[in-house]
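# Structural overview
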Amino acid sequence: MFFSGDPTSRKRVALGGRSSKERDTQKLMEQTRMERDRRLWQRKQNAAAIIIQKCFRGRKAAKAERAKVREQFLSRYGSYCQNTDRRCFCEDSDYLRQLFFFFNARNAGDYTVLVETCRGMLNLVQDNVNIVSLFAGVDYLAVHALVDHRVKNLAYICILSLYQNRSRFRQQLLVPDAESVMQSTVLLEAVAALIDPKLPWACKTVSYICHRNVFALFREIVLAERENVKTSSSTGKQSGVEHILGFMISHTGQNSCTCPNVDPQFSFSSQMLTVPFLWKFFPSLKGVFSTLGLSQHYIHQMSLCLQNHANLLPGDISAEYPGYACLLGNILEAAGVTLSQPACPFEMAIDLAAVTTFLLEALPPIKSSTQKAKEAMIEEDADSGDDIQIALDEDLERQIISSIDSRFMLQLVSCQYALAMFRISSVGDDRSVVAIGAACAFLHVTFNTLPIERIMTVLAYRTELVRVLWEFMKNCHDNKRWSSLPEHLSLVPGDAPGWLLPLAVFCPVYKHMLMIVDNEEFYEQERPLSLRDIRSLIVILRQALWQLLWVSPTHPNASAKTALRGNTSKQNPYEFVKNKVSIVASELLSQLQDWNNRREFAPPSDFHADGVDDFFISQAVIDGTKANEIMKLAPFLIPFTSRVKIFNSQLVAIKQRHGPHGVFARNRFRIRRDHILEDAYNQMSALSEEDLRGLIRVTFVNELGVEEAGIDGGGIFKDFMENITRAAFDVQYGLFKETVDHLLYPNPGSGLIHEQHLQFFHFLGSLLAKAMFEGILVDIPFATFFLSKLKQKFNYLNDLPSLDPELYRHLIFLKHYQGDIAGLELYFVIVNNEYGEQTEEELLPGGRNLRVTNENVITFIHLVSNHRLNFQIRQQSSHFLRGFQQLIQKDWIDMFNEHELQLLISGSLESLDVDDLLTHANYAGGYHKEHYVIDMFWDVIKGFSLENQKKFLKFVTGCSRGPLLGFKYLEPLFCIQRAAGNASDEALDRLPTSATCMNLLKLPPYRSKEQMKAKLLYAINAEAGFDLS
């Protein structure tokens, strides 16, 4: 700019917040740091380069030196060691030292030298040269360090050479009768000779090669050969590999063995026992491993690894052969041999149970062939989902299933655990608690992993498991102290209830036992548990269920059974056990209630939970609540009267939900009394579910063709229901038959009488449902085994006496027959005799040629019972159930057992309580409670016989049975109204009349009890239909 005349320069001020010097300083520091890091990195690179160069130069020099030594060795001893003698193996010879220095297993020349060296050693041993003298001379102790070093290295490089060249030895390494001239055979025989247990260096040599992980090398050798050698020959000879493994596994550091413990990750258990079907290749090795000392050592080693949660198994061969499954199969197969030996230690059984439990728990569920066939049919119809389940190899599944057979179960549970279990003299006995925990954990996992058809039968009938578990639970319950099971054995936390796991095993086994136990054994002989013990068991089950379902629920609802088939057991085993116990305990308690209904040994209140109150009842009718789920799973915990109230409230809710909308048409029908069933079927069988829920009105036509007097306000329909059910269920009509106790069940030969018999059964099912829907009790005594069909249940042997007591006696005779049943010439066929027509049916495919023997007699008894109680009436029951379920939902019926269901249908004699009717009666037209006519009336009614009391009840209400919960629930309440206003003789000569739709009795004021009794008896016995209404 222009000069202003001021010679001083103005100071420039930076407005950026920092001076340029500060910015330059920070930049300089950053640059300095980066330079320092760069120099450091360069120094590291240089140092690394120096190390690499040293290593390379060293390896190059070593390689050159090895080549030089190899050349000298070959020039001195020859390419095939033709210039060697026994002095080459002496302590002062450098033969082995040079060989170890240059040897490379991948070099063909070196491999040949090793083979010829081993061949020369074996030839010298065969010529009776002592192998210790061969290596050590006259004084082994003086040179043992050098000799041990040479022997260890020689044995190791032999095994390493076999591993490195395994692809060259196809079909040689595992062949028992391989020729000794084969190179692989020479190396294997040399190793076997070097580790002979008699030699002084055996333990040191085996320990060395084990720490060099030779079991992993042998694993790869066997896996490479297993495709070529499917199984060992039956000559009894051992292969070289089997011979060596037999020597090695005996070195466990016990007794005279001085071997230190090997890392479990490199042990025989983790490396070799995970080879699929190991014992097929090495049958002799299986015998060696199964000796008590060895199997106990290795199984205990595995159990310790499980307690430490260490996963030491090598990688899986494939998805079909996971290592844990192969390990399980081999352990179980060998354990069958071990357990068969006398004096098997208690600790061995506990460790075996712990290991197999852990491995079984990791296993995906194995299904039987029947289950697989059913699921295959379902999958064909269903869309394929995203979830793909990886299945085990079928042969591996078969190995596991066949190993846990009846003999294995019998030995493991009875022989091994019995000694500890029978010592349950006090709850605190540690050995008994450990035994119970191990046994229950193993069996619980087995039940949920393997097909249990055969297992259950063995446990129920050939072991003392039920009695032993009961003694344990009984002692704990009586002492009010449940012992905590060991957490590492029992799959549940240490603070879990002590009864949880024992119940998970006890309930399904005892339930299975009760299916074949006969009435004499249960009630008279009191086997396997006394009736007194069963009462105590009921209390334990009831308290456990209430604790699981109400106090600390795990939502064991309808979806719980589906969840049990999923992955819950893997994700949360504790919740899985709780869900499982809530289901199996509920099933067992329900079964015990059935036994109690046949012949009462415990009051019904024993099955009721203590905590059921008005709040619980109010919650039980609401879907999704805990109380509602308990109603579905364990309804017997709730008193019968409370369940009836819930049932009635559900019916009322359905009626209210549909009633106000007027969707139900009023269906009116003219029914001839003398053709009641035919008319009703022709007019009503086509009614829809909606029509059945609605009002149905009936007009009766008498035998003269005249409509009966009276308007149906509900009373005529009640009478119609009683009459049609009496006609339809009459055995003379041919749809139903009677047992010896006059109980009704479908006639298996109904198709021979009625062409449309199945349609009739459907109609009768809907009629019975309509009666229950309207609260009408009908006097139809059904057989218990037929009522179970309404609950979609199967019947078993103990239901047979009510149908065919003679057949039942014959089957019980067979069950307890001590001789040879085959001599009775029975076959798996049954003869049906309906109306003189005999037909023969096979109980099994090919049953005509299958003789009943002592081994299959239980199956025969099951099949005969099933045929008579389930198969013969399956079509009739199925159609009856379809009609019944048009109105009555399955969930409603499942709240009641068969005995209670009969009460819902027919009521009971106790429901006809005259005093209860008096208490809840109303009066009209001048009558009152203290009126002299009313006093006479009640005296007359109380003097009637039971039959006349039922007729009177039908006369005034239209039904011969009172309400199930008493006359308090009669709608409307019973009422007595004065008839004939003046007491003239003509008026008093009238008969009493009724209005059944209003439950109303019109009673003239008779002057004496005799007159009143005569008039009432005439009216109720006149059978004049509704002409007296």
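Since the model is a prediction, treat every value here as computed from it, not as a measurement. (Residues numbered from 1 in each chain as written. Predicted model: local features only at pLDDT ≥ 70, side-chain atom pairs only at ≥ 80, totals over all residues. Heavy atoms only, no water.)

### Looking at the overall build of the protein chain
Each helix and strand counted, the protein chain has 46 helices and 10 strands in total. Across the 1029 residues that make up the protein chain, the buried fraction comes to 50%. In the protein chain, the proportion of contacts linking residues at least 24 apart, taken out of those at least 6 apart, comes to 77%. Element-wise, carbon and sulfur atoms account for 51% of the exposed surface of the protein chain, whose accessible area totals about 49,900 Å². (Helix = DSSP H or I, 4+ residues; strand = E, 2+ residues; numbered from the N terminus. Buried < 20%, exposed > 50% of the residue type's maximum accessible area, 1.4 Å probe, protein only. Contact = heavy atoms within 4.5 Å. Areas by Shrake-Rupley, 256 points an atom, 1.4 Å probe, with all protein chains shown as cover.)

### A few points about the sheet that holds strand 7 (residues 922-924)
Strand order across the open sheet formed by four strands is 7-8-10-9, with mixed pairing between neighbours. Pairing within the sheet leaves two strands with one partner each, and these edge strands are strand 7 and strand 9 (993-995). Direction aside, neighbouring strands of the sheet carry axes that sit 25° apart on average. One ladder, built from four bridges, connects strand 8 (residues 975-978) with strand 10 (residues 1000-1003); its direction is parallel. Bridging from a neighbouring strand, Ile976 pairs with Leu1001 of strand 10. (Pairing = 2+ DSSP bridges. Axes fitted to C-alpha atoms, helices over the stretch in contact; angles between N-to-C directions.)

### Some words on the UniProt feature "active site" (unreviewed entry) in the protein chain
According to UniProt, the feature "active site" (unreviewed entry) maps to Cys997 in the numbering used here. Take Cys997: it is sitting in the loop between strand 9 and strand 10. (UniProt positions renumbered as here; feature names shortened; annotations may be inferred.)

### Things to note about the packing of aromatic side chains
In this description, an aromatic ring pair is defined by two values, namely the gap between the centres and the angle between the planes. Throughout the structure, instances matching the rule amount to 49 aromatic pairs. An angle of 40° between the planes, with centres 5.9 Å apart, marks the rings of Phe268 and Phe289 as tilted. Of this pair, Phe268 sits in helix 10 (residues 268-271) while Phe289 sits in helix 12 (residues 283-289), and the two are 21 residues apart along the sequence. Ring geometry for Phe736 and Phe880: centres 6.4 Å apart, planes at 80°, overall edge-to-face. A residue pair is termed long-range when its members are at least 10 positions apart, and Phe736 in strand 3 (residues 736-738) and Phe880 in helix 39 (residues 874-884) qualify at 144 residues. Like Phe880, Phe736 is buried. In this structure an aromatic cluster arises from ring pairing among Phe73, Tyr77, Phe89, Tyr95, Phe102, Phe135, Tyr140 and Trp201. The aromatic ring of Tyr523 is capped on one face by Arg599, whose charged end is 4.3 Å from the ring centroid. Of note, Lys789 hangs over the ring of Phe794, and the distance from its end group to the ring centre comes to 5.3 Å. (Phe/Tyr/Trp six-rings, centres within 6.5 Å; stacked < 30°, edge-to-face > 60°. Lys NZ or Arg CZ within 6 Å of the ring centre and 35° of its normal.)

### Quick look at the nonpolar core
Generally speaking, a soluble globular protein has its nonpolar side chains buried in company with each other. The biggest cluster of nonpolar side chains holds 278 residues, and the ones touching the most others in it are Met121, Phe135, Phe268, Tyr510 and Phe720. Each residue touching Met121, except ones within four places of it in the same chain, is listed here: Phe89, Ile131, Leu134, Phe135, Leu154, Ala190, Ala193 and Leu194. Phe937, Leu970, Phe974 and Leu1001 belong to the second largest nonpolar core, which has 28 residues in total. (Core = buried A, V, L, I, M, F, W, Y, C linked by side-chain atoms within 4.5 Å.)

### Description of the pattern of salt bridges
Oppositely charged side chains are able to pair whenever their charged atoms sit close together. Within the structure shown, the criterion is met by 38 salt bridges. The residue Lys793 makes a salt bridge to Asp594 at a minimum N-O spacing of 3.4 Å. Placement of the pair is Lys793 in the loop between helix 36 (784-790) and helix 37 (805-815) and Asp594 in helix 28 (residues 573-598), with a sequence separation of 199 residues. With a relative accessible area of 25%, Lys793 lands in the partly exposed category. When the shortest N-O distance is used, the salt bridge between Arg848 and Glu842 registers 3.2 Å. On the basis of relative accessibility, which here comes to 41%, the residue Arg848 falls in the partly exposed class. Three or more residues joined by partner-sharing salt bridges are found here, namely Asp518, Glu521, Arg527 and Lys815. (Salt bridge = Lys/Arg side-chain N within 4 Å of Asp/Glu carboxyl O.)

### What about helix 8 (residues 214-225)?
Because an α-helix completes one turn every 3.6 residues, residues spaced three or four positions apart along the sequence face the same direction. With 12 residues, helix 8 should cover 16 Å at 1.5 Å per step; its first-to-last C-alpha distance of 17 Å lies within 8% of that length. Of all the positions in helix 8, only Val214, Phe215, Ala216, Leu217, Phe218, Arg219, Ile221, Val222, Leu223 and Glu225 are classed as buried. Each element contacted by the buried residues of helix 8 is listed here: helix 5 (144-164), helix 7 (202-211), helix 9 (240-249), helix 10 and helix 11 (278-281). (Expected span 1.5 Å × (residues − 1).)

### With respect to unusual backbone geometry
Here the bond from Arg527 into Pro528 is cis, since omega is 0°, no more than 30 degrees from zero. Structurally, the position occupied by Pro528 is in the loop between helix 24 (519-524) and helix 25 (531-551). Omega for the bond connecting Glu971 with Pro972 falls within 30 degrees of zero, at -15°, which places this linkage in the cis form. Among the secondary structure elements, Pro972 is positioned in the loop between helix 44 (946-957) and strand 8. Positive phi, normally seen in glycine, also occurs at Asn128, with a value near 70°. Considering the arrangement of structural elements, one finds Asn128 in the loop between helix 3 (108-126) and helix 4 (131-136).

### Some thoughts on the packing of helix 44 against helix 46 (residues 1009-1021)
With their axes 9 Å apart at the nearest point, helix 44 and helix 46 run at an angle of 70° to one another. Taken together, the axis directions place helix 44 and helix 46 in an arrangement best described as roughly perpendicular. Mapping the contact onto sequence places Asn948, Lys951, Phe952 and Phe955 in helix 44 and Leu1016, Leu1017, Ala1019, Ile1020 and Asn1021 in helix 46. The class makeup of the residues in the contact of helix 44 with helix 46 is six nonpolar, two polar and one charged. (Parallel < 35°, antiparallel > 145°, perpendicular 65-115°, else oblique. Nonpolar A, V, L, I, M, F, W, Y, C, P; charged D, E, K, R; others polar.)

### Quick look at helix 14 (residues 323-339)
Given a rise of 1.5 Å per residue, 17 residues ought to cover 24 Å, and the 24 Å separating the end C-alpha atoms of helix 14 matches this to within 8%. Most of helix 14 sits inside the fold, with 14 of its 17 residues counted as buried.

### Thoughts on the confidence of the model for the protein chain
Per-chain confidence: the protein chain averages 84 in pLDDT, with 87% of residues scoring 70 or above. Mean pLDDT in the protein chain bottoms out at helix 26 (residues 558-563), which sits at 46, and peaks at strand 4 (residues 744-746), which reaches 96. Taken as a whole, residues 556-560 scores under 50 in pLDDT and shows eight contacts with residues more than four places along the chain or in a different chain. This stretch, residues 1025-1029, has a pLDDT under 50; its non-local contacts, to residues over four places away or in other chains, come to 19 contacts. (pLDDT = per-residue confidence, 0-100.)

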